[in-house]
Structures are given as structure tokens and as C-alpha cells.
Amino acid sequence: MTHQLSSPDFHGEEKSEQVTSIGQIKPELYRPRQGELGDSKQGDNCGKISFLLRYAFNTEQLVVKILKALDLPAKDANGFSDPYVKIYLLPDRKKKFQTKVHRKTLNPIFNETFQFGVPLAELHSRKLHFSIYDFDRFSRHDLIGQVVVDNLLDFSESSADKPVWRDIVEGTAEKADLGELNFSLCYLPTAGRLTVTIIKATNLKAMDLTGFSDPYVKASLVCEGRRLKKRKTSIKKNTLNPTYNEALVFDIPNENMENMALVIAVMDYDCIGHNEVIGMCRLGSDVEGPGREHWAAMLANPRKPIEHWHQLVEVHGLTLPPLPSPKPHIVVDSPHSE
């Protein structure tokens, strides 16, 4: 069974029926509207994306090659964007890839290949989700648009060397996708020692133009909004899925634990500028949600490591309610301080 995949010519009709005269606007001086480039819907001005799909039956791998995008909208003041593409295999979104960032262009050429392991029997129920973003070094990346591709079983029997073109549709604002952090907490009451073991992180936000980050984790012990001590892991280069397995130790007398909170930040190392926060999470008795639950489980199970995954949030999304009034003469010290 064969399937004809659309591969429109985007350049053949750009200058058709152009009529100019004195006093009129010259169309050739302006970028063509989406409706002049193919079958885009009226008012859709998010551009198009081209890719190749094939299914490797012997290894049960769905192979996706992102070729290029055309006529993306400008998101920056310079009239361009810094686009990159994230790709998920729905519905679970657990496996994610992303391309490198291309600077100052509305027509990026990616030519990057990715592989998703998926059994043939599941292929009919899966979908590919492309999200096209504008990279921003200092704030949330802007979502340019999205493409969802279904009927993947059809592509498995089609020609793998014929590019597929799809319209990029404007997407709704997504929750900031900063990634998740996995770590354990263990408190020894008799020794007065809190051990935070940073295990790994997944799907971190890209902070560098390579499409990756150089992440490390910083844990800060906080009381009354004041940072008492901090520890940090090693730096992992060029990755969005770092593995650490590193223990960060704080000495805290048992009688002071009720006044303590822990702020854990995943940072992007920068050898030239300032290190930037990728995302954070907070733990303590005064915190709502998973941070409170993890802290409570640690206190209820002394001497036992309690492991949890935490969704990272943005700095301004991390509320820091006041802690209870501290007891006098809190002593927190450790030979492992910076």
C-alpha cells in the first residue's frame, strides 16, 4: 500500500500576478503572506515545517528527520526569531527530543534525525507532536506553533525519502516546561544530619544555543527567609537529562528541624556570564503540595532515604511563605559548606 504525501513547491507562485505602479505598495518588498504559499488556512501565519518519517521494522524504531521550517513569524525585535523544535511521541510525552537553536532566521534548516522506540502494534495509537519555539536566553521561550501527526502506521508503509510538509498552527500558551528533578531525603536525628541525594533530572529547559544546558544542582538550607548554608553538585555538560548520584549533607540539630526549609535549584553553568536558574522546588513543613509531602515522609521515616520526583517551577512561581518564628540559638554547620 502506498500513500501520496504532499510536498508543495513554495516558490513557484510567489511573484505571480504582481502589478505595481507609482503610488502603490510594491509586494516584492514584503514577505509573502501564508495564503500565498500553499494550502494554509486563512489567518494562519505560523509558517510550515518539513520532515521525513520512516519505521525501521527490524529495530522497531520510528525515525524522524526534521528538515526545515519556512516563513516562521518574527518573535524578536530584530524582525527574526531564534527557532528550535521539540518533538514528543504522544500520548505519554515521556520521551522528548529537540533540535539545535538557529539564530536570527525565519527559515531554519535543521536536518536532524531522532528515533523513538515503539512497537509496531502500538504505532496506530501514537502521534508525533512538534512544538516550534523561539529561544530566549533570559526568559521563557516563546511558543511559535505546533504540529500533530497521526496515522503513523500509514507512514510506515510509505516512501521514506519524500518530505512531508505541514502547516504550523498557533498553539495555546503551555505551562513552562522546565523539567523534573529526582532526589532523596534522609535525616538522622541522633547525628543531626540531613542528606540530600541528587539522583538525576529529565527534560530540562535548554539554556544554550546548542539546544542543551550545562546543569548543576544547588541546595540551600533556609530559615526565616534567610539562607544558612548551601551545597552544590558537579556540572554536567551539554545535556538535558543529567545523572548525578551525589550526596549533599547538612548538619542540623533535631530541635531545629521544624524551622527549616530546603530550596533546590537546577542551574545552568555559564563560563562567561552569570549562571542562570533553570527551575526550582521548595521543601518544608510550610510548603503546599509535593514539597510538604516529601518533607513529612522524611521526618516520619528517620534514617531511611525517601525518594521523590519534583516538577521544577520558575523562580517567580516559587512562593516563599514566612516560616514559623525561629527558636533562639539555632546552630547549623557542616564541614561540607562552600
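Each chain carries its own residue numbering, running from 1 in the written order of its sequence. Local features in a predicted model are, by the rule used here, given only for residues with pLDDT of at least 70; side-chain atom pairs are given and counted only at 80 or more, and totals for whole chains, interfaces and linings are based on all residues. Hydrogens are left out, water is left out, and the side-chain values use all remaining heavy atoms of the structure.

- In the nomenclature of an unreviewed UniProt entry, the chain is known as C2 domain-containing protein of Electrophorus electricus.
- Taken directly from UniProt, the Sequence similarities (unreviewed entry) text for the chain runs: "Belongs to the synaptotagmin family."
- UniProt positions are given in the numbering used here, feature names are shortened, and annotations may be inferred rather than shown by experiment. What UniProt states about the chain under its Subcellular location (unreviewed entry) heading is, verbatim, "Cytoplasmic vesicle, Secretory vesicle membrane".

## Thoughts on the overall build of the chain
Phase 1: Scanning the chain from terminus to terminus reveals two helices and 16 strands.
Phase 2: Per-residue burial for the chain yields a buried fraction of 46% across its 338 residues.
Phase 3: Should any heavy atoms of two residues lie within 4.5 Å, those residues are counted as being in contact. Long-range contacts, defined as pairs at least 24 residues apart, comprise 67% of the intrachain contacts of the chain with a sequence gap of at least 6.
Phase 4: The method behind every accessible area is Shrake-Rupley, applied with a 1.4 Å probe, and residues are considered shielded solely by the protein chains displayed. Within the structure as shown, the chain displays about 17,900 Å² of accessible surface, and the carbon and sulfur contribution to it stands at 51%. The numbering of helices and of strands both runs from the N terminus, where a helix is a DSSP run of H or I of at least 4 residues and a strand a run of E of at least 2. Accessibility here uses a 1.4 Å probe with only protein chains present; expressed as a share of the type maximum, an area under 20% marks a residue as buried, one over 50% as exposed, and anything in between as partly exposed.

## Description of the nonpolar core
Phase 1: The criterion is simple. A nonpolar core is a set of buried Ala, Val, Leu, Ile, Met, Phe, Trp, Tyr and Cys residues joined through side-chain atoms within 4.5 Å. With 32 residues, the main nonpolar core has Leu181, Phe183, Val196, Leu262, Ile264 and Trp295 as its most contacted residues.
Phase 2: Mapped by element, the contributors of at least two residues to this core are β9 (180-188), β10 (193-202), β11 (215-223), β13 (243-251), β14 (261-268), β15 (276-284) and α2 (290-300).

## What to know about the sheet that holds β14
Phase 1: If you walk across this open sheet you meet the four strands as β12-β11-β14-β15, and the pairing is antiparallel. Bordering the open sheet on either side are β12 (226-232) and β15, each of which pairs with just one other strand. When the angles between neighbouring strand axes are averaged without regard to direction, this sheet yields 25°.
Phase 2: DSSP-based pairing: two strands are paired if at least 2 bridges between them are found. In terms of strand pairing, β14 meets β15 through eight bridges, oriented antiparallel. Helix axes are fitted only over the stretch in contact, all axes being lines through C-alpha atoms; the angle between N-to-C directions runs from 0 to 180 degrees.

## Structural notes on the environment of Ile132
Phase 1: Locating Ile132 in the fold gives a position in strand β6 (residues 127-134).
Phase 2: C-alpha of Ile132 to C-alpha of Glu170: the two residues are 38 residues apart in sequence and 9.8 Å apart in space.
Phase 3: Apart from the residues lying within four places of it in its own chain, the contact partners of Ile132 are Ile49, Leu72, Tyr84, Val85, Asp142, Leu143, Ile144, Gly145 and Ile168.

## Notes on the side chain of Lys48
Phase 1: By the secondary structure assignment, Lys48 is in strand β1 (residues 48-56).
Phase 2: A relative accessible area of 2% means that Lys48 is categorised as buried.
Phase 3: A polar atom in the side chain of Lys48 sits 2.4 Å from the side chain of Asp167. Under the rule applied, a polar contact is a pair of N or O atoms within 3.5 Å (in protein, one hydrogen donor and one hydrogen acceptor; residues adjacent in sequence only if both atoms are side-chain atoms).

## Remarks on the pattern of salt bridges
A side chain of one charge can pair with a side chain of the opposite charge when the charged atoms of the two come close.
Phase 1: A pair is scored as a salt bridge if a Lys or Arg side-chain nitrogen falls within 4 Å of a carboxyl oxygen belonging to Asp or Glu. Enumeration over the complete set of coordinates arrives at five salt bridges.
Phase 2: Between Asp167 and Lys48 there is a salt bridge whose closest N-O contact spans 2.4 Å. On the criterion of sequence distance, the pair formed by Asp167 in strand β8 (residues 164-167) and Lys48 in strand β1 is long-range, its members being 119 residues apart.
Phase 3: The closest approach of N and O atoms between Asp251 and Arg193, which form a salt bridge, is 3.1 Å. Residue Asp251 is located in strand β13, and its partner Arg193 is located in strand β10; the two are separated by 58 residues in the primary sequence.
Phase 4: Assessed through its relative accessible area of 18%, Asp251 is described here as buried.

## A look at α2
Phase 1: Within α2, burial applies to Gly291, His294, Trp295 and Met298. Burial along α2 is one-sided: seen end-on, the buried residues are contained in an arc of 95°. Along α2, the residues that are exposed and aim more than 90 degrees away from the buried face are Glu293 and Ala300.
Phase 2: On its buried side, α2 packs onto β9, β10, β14, β15 and β16 (306-311). What the arc measures is the spread of directions leading from the helix axis to the C-beta atoms.

## Structural notes on the sheet that holds strand β5 (residues 109-117)
Phase 1: The four strands are arranged β5-β2-β1-β8 in an open sheet whose pairing can be described as antiparallel. Single-partner strands in this sheet number two, and they are β5 and β8. Averaged over all pairs of adjacent strands, the angle between their axes in this sheet comes to 30°, without regard to strand direction.
Phase 2: Note that β1 and strand β2 (residues 61-70) share nine bridges and pair antiparallel. Each residue of the ladder has a partner; that of Leu52, found in β2, is Lys65.

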